[in-house]
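For reference, the chains in residue letters:
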Amino acid sequence: NCRFQSGECSKLKSFKVSLMEPDPCCYFAVRSNSEHDADEERSDWVLSLSHTILLITGSLLPSFSVTCDPLPGVPHTNNRLMAGYLIHRDDGDSISVLFCELNAHSETYSKLVLYENELCERIVIE
């Protein structure tokens, strides 16, 4: 919910969409005869956009449930607390879907390990 302070734009009901700060962002605004109608239309836009993002995100992730169990025969997964897929932003133009594993605390730190997939054969980032 963003507000313009004065002028004709102050009658608009707006919202902002940004990927991550300080990346560029987009402002969307609606105008209607009543403030209530404008609020409802803005809410519809926000819900529709959120639903679209959810569908796109869901289409990128493989069907998998978060797990706490280590993999049989893969010793480096024995300290696993939790593991599952996430979407990793590689740079400004690309993303990767990686399998991540949060390991239990050992000595002075814990570890998040990112693998190519749930087989945990190839570490991408440790």
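Residues numbered from 1 in each chain as written. Predicted model: local features only at pLDDT ≥ 70, side-chain atom pairs only at ≥ 80, totals over all residues. Heavy atoms only, no water.

Participant: Which parts of the structure should I look at to understand the sheet that holds strand E5 (residues 112–115)?
Facilitator: Backbone-to-backbone hydrogen bonds pair the strands of a sheet. The strands run either parallel or antiparallel. Taken together, the four strands give an open sheet; going across it, the order is E3-E4-E5-E6, and neighbouring strands pair in antiparallel fashion. Edge positions in the open sheet fall to strand E3 (80–89) and strand E6 (123–125), since each of these has one partner strand only. Averaged over neighbouring strand pairs, the angle between their axes works out to 40 degrees when direction is ignored. Sheet topology places E3 next to strand E4 (residues 95–103); nine bridges connect them, and they run antiparallel. Bridge pairing links Tyr85 to Phe99 in E4. (Pairing = 2+ DSSP bridges. Helix = DSSP H or I, 4+ residues; strand = E, 2+ residues; numbered from the N terminus. Axes fitted to C-alpha atoms, helices over the stretch in contact; angles between N-to-C directions.)

Participant: Before we go on, may I ask you to explain a negative patch on the surface in this structure?
Facilitator: Together, Asp37, Glu40, Glu41 and Asp44 make up a region of like negative charge exposed at the surface. Assessed through its relative accessible area of 47%, Asp44 is described here as partly exposed. (Patch = residues over 30% accessible without salt bridge, like charges linked within 9 Å, V, L, I, M, F, W, Y side chains within 5 Å. Areas by Shrake-Rupley, 256 points an atom, 1.4 Å probe, with all protein chains shown as cover. Salt bridge = Lys/Arg side-chain N within 4 Å of Asp/Glu carboxyl O. Lys, Arg positive; Asp, Glu negative; His and termini not counted. Charge placed at Lys NZ, Arg CZ, Asp CG, Glu CD. Buried < 20%, exposed > 50% of the residue type's maximum accessible area, 1.4 Å probe, protein only.)

Participant: Can you help me understand the packing of aromatic side chains in this one?
Facilitator: To describe a pair of aromatic rings, one takes the distance between the centres and the angle between the planes. By the definition in use, this model includes six aromatic pairs. Arranged with centres 6.4 Å apart and planes meeting at 70 degrees, the rings of Phe15 and Trp45 form a pair that is edge-to-face. On the criterion of sequence distance, the pair formed by Phe15 in strand E1 (residues 13–18) and Trp45 in helix H1 (residues 35–60) is long-range, its members being 30 residues apart. Judged by relative accessible area, which is 7%, Phe15 ranks as buried. Taking the relative accessible area as the measure of exposure, Trp45 reaches 39% and is therefore partly exposed. Both rings, one in Phe64 and one in Phe99, keep their centres 5.3 Å apart while their planes meet at 90 degrees; by these two values the pair is edge-to-face. Within this pair, whereas Phe64 is found in the loop between H1 and E3, its partner Phe99 is found in strand E4, the two being separated by 35 residues in sequence. Phe64 sits in the partly exposed class, given a relative accessible area of 35%. Within the aromatic cluster, the residues linked to one another by ring pairs are Phe15, Phe28 and Trp45. (Phe/Tyr/Trp six-rings, centres within 6.5 Å; stacked < 30°, edge-to-face > 60°.)

Participant: Please clarify how the pairing of E5 should be interpreted in this entry.
Facilitator: Working note: regular strand, side chains alternate between the two faces of the sheet. By the bridge criterion, four bridges tie E4 to E5 in an arrangement that is antiparallel. Within the sheet, the bridge partner assigned to Phe99 lies in E5 and is Tyr115. Two elements, E5 and E6, share two bridges in a ladder whose sense is antiparallel. When the bridges of E6 are listed, Tyr115 appears paired with Ile123.

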